[in-house]
Amino acid sequence: MNKKFQILFFLFLFNFFSLFLYFFHHHSFLNPSSSSKFDHKTLTKNPPFQRPFEKLQQTHISKSWPILPSYLPWSQTSNDIPLRSCEGYFGNGFTRRVDVVSGGGGVGGGGGWFRCWYSETLRSSVCEGGRVKMVVEKIGMAKGGENLVDVIGRSEDEELPLFEKGAFEVDGGEGFVDGGNKMIVDDEFLDKYVPRGEIMRHTMRDLISKMRIVGRKEFDCDQWIEEPTLLVTRFEYANLFHTVTDWYSAYVSSRVTGLPNRPHLIFVDGHCMAPLEETWKALFSSVRYAKNFTGTVCFRHAILSPLGYETALFKGLTEDIFCEGTSSQELWQKPDNQKTARLSEFGEMIRASFGLPLNLNHPGKPVSGGHNVLFVRREDYLAHPRHGGKVESRLTNEAEVFESLNSWASNYKGCKINLVNGLFAHMSMKEQVRAIQDASVIIGAHGAGLTHIVSALPKTVILEIISSQFRRPHFAYIARWKGLEYHAINLDGSYANTETVINTLVSIMKSLRC
């Protein structure tokens, strides 16, 4: 009895201190009036200056951060983050602060500010600024946000932004006089802190390269946005894998810059609406398109999110990232540079944004309810204006495999198995995430839909069926970084032997004591 009491007492203390530290690092929860205060990394010596009677100020409600069981503080110093460590790849490796515009503004002061947080591990930066102006007419791209059927055939070049000089400006303050010709950075700065790398069209780099600093008289604003706002450019916006990299980059940018609440978001691209936009709206306080505005828009605090191509989720496809997923509790007790809980934290963020429960384990593996085995299907659907509506098959006999599994599950004697038909193209994003959360086993052919495993619970088992034409490590890596049990069936072509699939699944179910 004494031993049980000691264990319970230890767990109580651990949870108490975990909650205390969580709320401590989310100080806006403890003190709502402190929403403009940041930790030592984000504190500006010259806070954003606000002139009296600035016109058309817009104030919108910001969503609070949810309490995430896997959350760990993001406020480490540069000395705490070794190069190419798991935290460097998946957490706050953006620790090198580079001030570009200080906010002093010369005579009279009160100018804007701009700085970047550089990650040597990812070779990328999260940049942010105050008193930043967007001149919409100097951004060349489609309006964005249209219904897909209204823009069939539109080229991608029309949807990606082209920035003219002065498309974005920073307030130089009362004493700054330069005639609008001073750019905030040069090519040397960009090559060092916003390198192009292998990205042929680096839109965030292009945006910063066209940003200039202007005097107060030139800094005229048709409207102000008071709340912190993320500026995001998407490329393969209708593909779940690439969109998850964008979600992750936007989430990390919000944490790195110490935002007290979830930011608002503006797409600096001209893509039409897509089903994935449902998750963008759930994750952040609001979503708008840059071209939905007219005239000039000024931000009290703007954050430039790195491209999804610069996240570890994408870079891991071409470079070795030796990280194992584990629980935040384990890392709290025993820090390890080769382990991470960040993808679990991110998956919880997605689930919490949809109002789904954040229980860390399948609740008791209910005997009466049985185990859900989710079969993620690939379906034909119209994805974007340049898409013909046909999805390339990765498993030519997918229907046969599903029917065989359905028959097997109905007659399985070990326990009750519910085979879930994962027709994701016909499900809302919330329904998709719920299906992932409820699954004990997730099975599917290699395809973007399996990226949803970032939201899977810790005990979930992954079974991927891989054709010979698509031997790529996307989901094996995500499973490893999440700490999930992973199995693969490698096909000689794209046809799967149903008996092999069933036998593999039987072995998995037995490991679950089913």
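Residues numbered from 1 in each chain as written. Predicted model: local features only at pLDDT ≥ 70, side-chain atom pairs only at ≥ 80, totals over all residues. Heavy atoms only, no water.

## So, the overall build of the chain
Inference 1: A tally of helices and strands in the chain yields 15 helices and 23 strands.
Inference 2: Expressed as a percentage of its 514 residues, the buried residues of the chain come to 56%.
Inference 3: The contacts in the chain between residues at least 6 apart in sequence include a share of 77% that link residues at least 24 apart.
Inference 4: Carbon and sulfur atoms make up 54% of the accessible area of the chain, which totals about 22500 Å². (Helix = DSSP H or I, 4+ residues; strand = E, 2+ residues; numbered from the N terminus. Buried < 20%, exposed > 50% of the residue type's maximum accessible area, 1.4 Å probe, protein only. Contact = heavy atoms within 4.5 Å. Areas by Shrake-Rupley, 256 points an atom, 1.4 Å probe, with all protein chains shown as cover.)

## Focus: the sheet that holds strand β21 (residues 441–445)
Inference 1: Taking strand neighbours across the sheet as the criterion, the 5 strands line up as β20-β19-β21-β22-β23 in an open arrangement whose pairing is parallel. In the strand order of this sheet, the two ends are held by β20 (417–422) and β23 (485–490), each with one partner. Put simply, the sheet's adjacent strands are angled 20° from each other on average, direction ignored.
Inference 2: Relative to β23, strand β22 (residues 461–466) is paired through 6 bridges, and the arrangement is parallel. In the strand pairing of β23, Val 461 is matched with Glu 485. (Pairing = 2+ DSSP bridges. Axes fitted to C-alpha atoms, helices over the stretch in contact; angles between N-to-C directions.)

## With respect to the confidence of the model for the chain
Inference 1: Averaged over all residues, the pLDDT of the chain equals 87, while 83% of them reach at least 70.
Inference 2: Per-residue pLDDT stays below 50 along residues 363–367; that stretch engages in 3 contacts with residues further than four places along the chain or on separate chains. (pLDDT = per-residue confidence, 0-100.)

## Examining the pattern of salt bridges
Inference 1: Taken as a whole, this structure holds 22 salt bridges when the rule is applied.
Inference 2: Ionic pairing is found between Asp 157 and Arg 201, a salt bridge with its closest N-O pair at 3.4 Å. On the criterion of sequence distance, the pair formed by Asp 157 in helix α4 (residues 156–159) and Arg 201 in the loop between α5 (187–193) and α6 (203–209) is long-range, its members being 44 residues apart.
Inference 3: Note on Asp 157: relative accessible area 59%, which makes it exposed.
Inference 4: Assessed through its relative accessible area of 22%, Arg 201 is described here as partly exposed.
Inference 5: In this structure, Lys 281 and Glu 277 form a salt bridge, with 3.8 Å as the shortest nitrogen-oxygen distance. Here Lys 281 pairs with Glu 277, and both are found in helix α8 (residues 277–283), just 4 residues apart, close to one helical turn. (Salt bridge = Lys/Arg side-chain N within 4 Å of Asp/Glu carboxyl O.)

## Some thoughts on the nonpolar core
Inference 1: In this structure, Phe 90, Trp 247, Trp 280 and Ile 442 are the most contacted members of the largest nonpolar core, which totals 65 residues.
Inference 2: Dropping the residues within four chain positions of it, Trp 247 is found in contact with Leu 240, Leu 276, Thr 279, Trp 280, Leu 283, Phe 346, Ile 350 and Met 429.
Inference 3: Membership of the second largest hydrophobic core comes to 41 residues, among which are Val 185, Ile 199, Met 204 and Ile 213. (Core = buried A, V, L, I, M, F, W, Y, C linked by side-chain atoms within 4.5 Å.)

## Here we look at helix α14 (residues 474–482)
Inference 1: Burial analysis of α14 places 7 of its 9 residues in the buried class, which makes it a mostly covered element.
Inference 2: Buried within α14 we find His 474, Phe 475, Tyr 477, Ile 478, Ala 479, Trp 481 and Lys 482.
Inference 3: Phi turns positive one or two residues past the end of α14, at Gly 483, with a value near 80°.

## Digging into helix α12 (residues 398–411)
Inference 1: For α12, spanning 14 residues, the distance from its first C-alpha to its last is 20 Å, which sits close to the expected 20 Å at 1.5 Å a residue.
Inference 2: For α12, every residue scored as buried is listed here: Glu 398, Val 401, Phe 402, Leu 405, Trp 408 and Ala 409. End-on, the buried residues of α12 take up no more than an arc of 130°, which puts them together on one face. (Expected span 1.5 Å × (residues − 1). Arc of directions from axis to C-beta.)

## A short note on the packing of aromatic side chains
Inference 1: Per the counting criterion, the structure on display carries 18 aromatic pairs.
Inference 2: Each residue in the set Trp 65, Trp 74, Tyr 248, Tyr 251 and Phe 346 is aromatic and connected to the rest through ring pairs, giving one cluster.
Inference 3: Stacked on the ring of Trp 65, the Lys or Arg Arg 255 has its end atom at 3.9 Å from the ring centre.
Inference 4: Over the ring of Phe 293 we find Arg 288; its NZ or CZ atom is 3.9 Å from the centre of that ring. (Phe/Tyr/Trp six-rings, centres within 6.5 Å; stacked < 30°, edge-to-face > 60°. Lys NZ or Arg CZ within 6 Å of the ring centre and 35° of its normal.)

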